Amino acid sequence: RVNQTFLTPYHMRNRHVGLKVEGSNFTLDGFPFLIISGTIHYFRVPRDYWRDRLLKLKACGFNTVTTHVPWNLHEPKRSQFYFIGNLDLKAFLFVASEVGLWVILCPGPYIGSDLDLGGLPSWLLQDPKMKLRTTYKGFTKAVNRYFDMLVPRIAPLQYKNGGPIIAVQVENEYGSYHLDKRYMLYIKKALVKRGVDVLLMTADDGEGLIRGHLEKVIATVHMKNIKKETYEKLSSIQGRSPILMMVYTANSLDGWGTLRHTLDENVLMKDVREMFNLRFSLNFYMFHGGTNFGFMGGAASLQNYLPTVTSYDYGALLTEDGDYTPEYISFQELFSSVIEIPKLSREDARPKAVYKSVTTAYYMSLWDILTYLDEPVRSAKPICMEKLSVNQGSGQSYGYILYETVITTGGLLASRGHVQDRGQVFLEEKYIGILDHSTNQLTIPKEKGQKDYLTLRILVENQGRLAYGQDINKERKGLTGDIYLNNSPLRNFKIYSLEMNPKFLKRGLPKIWKPVIHKLQGPAFFLGILRVGNYPKDTFIKLEDWTKGVIFINGQNLGRYWNIGPQETFYLPGPWLQPGSNEIIVFEEFKSGTKIQFTNMSHLGTVFWRVICSIWDNSVVLSSCDREKEGGTCTISQEPEPFLTALA
C-alpha cells in the first residue's frame, strides 16, 4: 500500500519543487507521487455543493481534482468576462485546496467536454474565414485577450505560490484535430509567458498521440484507441516516463432519442486494478458529471447529429445530484487496498423533496409576445444566429431564432440542409411540420379561400453545436443559407432573436398572461408557482404529457426537455429555490401538459451496458440495467436472431 497522506496542500507548507517527471515516476517535492484524479466541472455543479462534491472525491481515495475552464461561459460576449457566482474559478480552486486536493487545470482554449462548440465562444464564428484551433490571426487575437484575463487569476494558485495547481493541460486532444502544426507551440508559449510554470501536459487518444505531442511536455493518454503500440509510441517520444491515463472514462454522452449508456463496473474495476499494478496514474472522467444547465450542452456527430441531454450524470461515481453510487463504494474499497486513505466520515445522502404538483394556470403564446420584443432584424436573405446584430455585436449564441417572410402560394418548401438544427414551420399560426438534419422538405398547402398573402414562420432551435471534430468550423446555427419554395429562394425576412437568457425571462418577457382553459398547442410560455417551506431541498421535475422545450426556475434556465427520452426527470438543486413562492416558466414548442410534477427519484432512462453481449446456451444475451426503477438489479433477456442481426 502506498502512503501519500502527507502529500497534501495542507501538509506541504515548505515547498521547493512541484510535480516533476523522474524516470518512470511522478514526484512531488521529491517524493514519489501517484496521481489519482477525478474530474469535476465547477460550472456543472451548483456552487453551494462544490465543497460537498470535493470532500466526497477526497473520501473515495482521490488526491487530485481535474477541472476544465469553459471559455464560452466566461466570455459569452466579446470582451465581457464573468468570473463570479457559479463561474468563480478561484473560489473553486480555494475549496479544493481546503479539502486537501491538488488540481490539474485544463484552461483550453478548447476543452471538448461535450460542451457547445467544445467550450469555444460562438461569436468567433462571425468571421466567415475563421479557423478555430489554429494560428489564424482572428483566433489567436481572441485567445490572447482571453488568456490575459484568465491566467493572472490562476497563476497565484500554482504550487510554488502555495496553491493547489500542480499541472496544466495544454489544449485538449489536439492530435485528433491537427489542422496547424504551429498551434500547440503557440498555446504553450501563450500560457508560459503569462506566468504558468507548473508541469505542462498534453492529452490525446491512441491515434492522435504523436500529432498532439510537444517537446519537453509530458504526453498523457485517453483510453480511446489504446493498444500495445500506443505505449511503444509513448516510449519513442519521451523515453522512460510515468504513464497518466488522463481520461479513464466511465461513459460516453447520452443523446436525445437514444438509449442511456454505461460501462460494466467489473470491467472498470479490472482496468483500474491493472493500472495500479503497473503504477499508472489516472484521471477518472467523470467522477461527478453534474448537469448541462441552460443551453451549455453540445452535440456529437457519430452516424447522425446527436444533441446531448440535459443531465451530465455520465455514469459517474456520484450521481447527478451528488449521491453515492454502488460503484463509488466499490472504488473506495479498491483504493483503500492500494493506498492509505484519510479516514473521513461518509455523509448521509442529501434528502430530496417531493413537492406538490404545480398547475400551469397561465400561458402566453409566442405569437402574442412578438410585438413586445426588441425590434426584429430585417434582411433580404436569412442570417444565422452568430451574425445577427444583437448582444453588442456578439451575435446570438443559444436558444431559438424566428424567421418570418410573406409567401403568395403553396408548394414544396426545401431547406437544402440550411436549417440548423431543428425548424418548426408555421403558416400564419398553423403548424405545418419540421425541417431538421433528416428532413429537408415540406409541402406548404394552398387551400381555397386562403388569403393572397400569408406569413411563413420558421422557428429554429440551436440544439447544441458539435463539441468535437474539424466540422466545428461550420457550426453556425439558425438558417445558414437560402430556403426555397418551389425552387425559388425566399426573400425579405423579419428575424427575432429568442436567446432566452435570464435577462429575457426577468425583464424582456411581457406580463400578458392568460388563463389556461384547456390543453394548448405551442409554441407558448406556461407559468406555474411552486411554494416551498423555509428550507428548500433538491428535487426532480417530471413533465408527463409535455412534448419538448425548456424549463426556467426563478429566471434561471434549468435546461431542455424532450419526450423522446431517454431522460425523464430533471434535477432541480435546492439552492435554485427560495422559501415561499418560486416561479416556474416552461417554454413548450408543441403540445403542453397541465401539471409540473416532482419526485425524489432520478430517472435518466434505461441503462444499456456497453459490454452487452455474451453467448449463453447458444443464444445471444442482452443485459440491461435500470438502476433507478429496479433498485440496482439487472434483467437478462434472451434475444436470438433479431438482436444478433442488429448488433452485426
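Described below are features of the structure shown in this document. (Residues numbered from 1 in each chain as written. Predicted model: local features only at pLDDT ≥ 70, side-chain atom pairs only at ≥ 80, totals over all residues. Heavy atoms only, no water.)

### Section: the nonpolar core
Judged by nonpolar contacts, the single largest core of 149 residues is most densely connected at Leu54, Leu132, Phe335, Met500, Phe525 and Ile541. For this core, the element with the most residues is helix H4 (residues 137-154), which contributes eight residues. Contact partners of methionine 500, with chain neighbours within four places excluded, come to Phe295, Tyr400, Leu505, Phe525, Phe552, Asn557 and Phe587. Ile407, Leu413, Leu454 and Phe493 belong to the second largest nonpolar core, which has 26 residues in total. (Core = buried A, V, L, I, M, F, W, Y, C linked by side-chain atoms within 4.5 Å. Buried < 20%, exposed > 50% of the residue type's maximum accessible area, 1.4 Å probe, protein only. Helix = DSSP H or I, 4+ residues; strand = E, 2+ residues; numbered from the N terminus. Contact = heavy atoms within 4.5 Å.)

### Quick look at the pairing of strand E12 (residues 281-288)
The buried fraction of E12 is high, at eight of eight residues. Bridging between strand E4 (residues 36-40) and E12 involves four bridges; their strand directions are parallel. Directly across from isoleucine 40, in E12, lies its bridge partner histidine 288. Pairing between strand E10 (residues 244-249) and E12: four bridges, direction parallel. Residue pairing for E12: tyrosine 248 is matched across the bridge by phenylalanine 284. (Pairing = 2+ DSSP bridges.)

### Section: the sheet that holds strand E2 (residues 25-28)
If you trace the three strands from one edge of the open sheet to the other, you get E1-E2-E3, paired in antiparallel fashion. For this open sheet the edge positions go to strand E1 (19-22) and strand E3 (31-33), each flanked by a neighbour on one side alone. Each strand axis lies, on average, 45 degrees off the axis of its neighbour in the sheet, ignoring direction. For E1 and E2, the ladder comprises four bridges, and the chain directions are antiparallel. Considered in E2, the bridge of lysine 20 is made with threonine 27. (Axes fitted to C-alpha atoms, helices over the stretch in contact; angles between N-to-C directions.)

### Regarding the side chain of glutamine 420
You can see glutamine 420 is positioned in strand E20 (residues 419-420). Taking relative accessible area as the criterion, glutamine 420 reaches 14% and is therefore assigned buried. Only 2.9 Å separates the side chain of glutamine 420 from the backbone oxygen of glycine 417, close enough to count as a polar contact. Setting aside residues no more than four positions away along its own chain, glutamine 420 makes contact with His437, Val460, Glu461, Arg476, Lys477, Gly478 and Thr480. (Polar contact = N/O pair within 3.5 Å; in protein donor to acceptor, adjacent residues only side chain to side chain.)

### A short note on the side chain of threonine 230
When you line up the elements, threonine 230 lands in helix H6 (residues 228-238). Those residues in contact with threonine 230 that lie beyond four places of it in its chain are Gly206, Leu209, Val221 and Asn225.

### Examining the packing of H4 against helix H5 (residues 183-192)
Their axes nearest at 10 Å, the elements H4 and H5 cross at an angle of 30 degrees. Taken together, the axis directions place H4 and H5 in an arrangement best described as roughly parallel. In the crossing of H4 with H5, the sense of the turn from one axis to the other is right-handed. Contacts between H4 and H5 pair Phe139, Thr140, Val143, Asn144, Phe147 and Val151 from the former with Tyr183, Tyr186, Ile187, Ala190 and Leu191 from the latter. Taken together, the residues of the contact of H4 with H5 break down into nine nonpolar, two polar and no charged. (Parallel < 35°, antiparallel > 145°, perpendicular 65-115°, else oblique. Left-handed = near helix turned anticlockwise from the far one by under 90°. Nonpolar A, V, L, I, M, F, W, Y, C, P; charged D, E, K, R; others polar.)

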